[in-house]
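Architecture at a glance
Next come the chains, spelled out residue by residue.
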Amino acid sequence: MRGALLLGGLALLGCGVVGLLTDPYVTGPLGVLLWAAALVVVHDGLWLPLVCGLGAAATGRPVLRGWLVVAAAVSAVAVPAVLRAGDDHGNATLLPLPYLRNWLLFLAASAAAAALLALVRRAVRTAPRRDR
């Protein structure tokens, strides 16, 4: 099964590379391949150690760990739009929203909700129990 999945993944990777190199809309395939290589370096050299370190630090804190997962997932979707802000090529409807502000507001609101949940969990855990 592992071998079949490996071969299937390599076949899909090969199709993607061939599609990239033969796509008429990609005018600089070398630049795209360099970008992909840099992405691998940043992912494996920066992002992965950071996430593993934060995960290890949050081992005993499920609310913090959950918030970190949510923040990472939302950031993975939001950061490309944040980085492209103002790059609308004359089409104001392409990126019409203040993505940086909205992303930061979401992170702040979700952090506040996670902190509130952590406080409630702590209060429930430390509250004296009444025997019935």
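Preceding this paragraph is the structure being described.
These remarks concern the structure in this document. Keep in mind the model is a prediction, meaning the values are calculated, not measured.

So, on to the overall build of the chain. Check the secondary structure of the chain and you find 4 helices and 0 strands. Sequence-ordered secondary structure for the chain, helices as α and strands as β, is α-α-α-α. Considering only C-alpha atoms, the chain reaches an extent of 75 × 50 × 25 Å along its principal axes. When burial is assessed residue by residue, the chain has 9% of its 132 residues classed as buried. Partitioning the contacts of the chain with sequence separation of at least 6, the portion at a separation of at least 24 is 44%.

Turning to the environment of Gly16, a few remarks are in order. Note on placement: Gly16 falls in helix H1 (residues 2-22). Spatially, the C-alpha atom of Gly16 lies 29 Å from that of Cys52, the residues being 36 residues apart in sequence.

Next up on the list: helix H2 (residues 29-57). When the terminal C-alpha atoms of H2 are compared, their 40 Å separation across 29 residues agrees well with the 42 Å that a helix rising 1.5 Å per residue should span. Roughly 40° is the biggest bend found in H2, and it falls at His43.

The next thing to look at is helix H3 (residues 62-83). End to end, H3 covers 31 Å across 22 residues, agreeing with the expected 32 Å (1.5 Å per residue, within 8%). Along H3, the helix axis deviates most sharply at Ala76, where the bend reaches about 35°; the proline Pro80 sits within four residues downstream. For H3, the complete set of buried residues consists of Val63, Ala71, Ser75, Ala78, Ala81 and Val82. Buried residues in H3 make contact with helix H4 (99-126).

Formed by Ala71, Ala78, Val82, Trp103 and Leu107, the largest nonpolar core amounts to 5 residues. Mapped by element, the contributors of at least two residues to this core are H3 and H4. Examining the composition of this core, we find that 3 residues originate from one element, H3, more than from any other. In contact with Trp103, not counting residues within four places along its chain, are Val74, Ser75, Ala78, Val79 and Val82.

Quick look at the side chain of Ser75 now. In this structure, Ser75 sits in helix H3. Judged by its relative accessible area of 14%, Ser75 is buried. From its side chain, Ser75 meets the backbone oxygen of Ala71 in a polar contact 2.7 Å long. Beyond its immediate sequence surroundings of up to four residues, Ser75 is in contact with Pro80, Trp103 and Leu107.

With respect to the secondary-structure elements, Ser110 resides in helix H4. Exposure remark for Ser110: the relative accessible area of 13% places this residue in the buried category. A distance of 3.1 Å separates the side chain of Ser110 from the backbone oxygen of Leu107, its partner in a polar contact.

Taken together, the side chains of Arg61, Arg121, Arg122 and Arg125 define a basic patch exposed on the protein surface. Inspection of the secondary structure assignment puts Arg121 in helix H4.

What counts, and at which threshold
- Residues numbered from 1 in each chain as written.
- Predicted model: local features only at pLDDT ≥ 70, side-chain atom pairs only at ≥ 80, totals over all residues.
- Heavy atoms only, no water.
- Helix = DSSP H or I, 4+ residues; strand = E, 2+ residues; numbered from the N terminus.
- Buried < 20%, exposed > 50% of the residue type's maximum accessible area, 1.4 Å probe, protein only.
- Contact = heavy atoms within 4.5 Å.
- Expected span 1.5 Å × (residues − 1).
- Bend = angle between axes of the 7 residues up to and from the residue.
- Core = buried A, V, L, I, M, F, W, Y, C linked by side-chain atoms within 4.5 Å.
- Polar contact = N/O pair within 3.5 Å; in protein donor to acceptor, adjacent residues only side chain to side chain.
- Patch = residues over 30% accessible without salt bridge, like charges linked within 9 Å, V, L, I, M, F, W, Y side chains within 5 Å.
- Areas by Shrake-Rupley, 256 points an atom, 1.4 Å probe, with all protein chains shown as cover.
- Salt bridge = Lys/Arg side-chain N within 4 Å of Asp/Glu carboxyl O.
- Lys, Arg positive; Asp, Glu negative; His and termini not counted.
- Charge placed at Lys NZ, Arg CZ, Asp CG, Glu CD.

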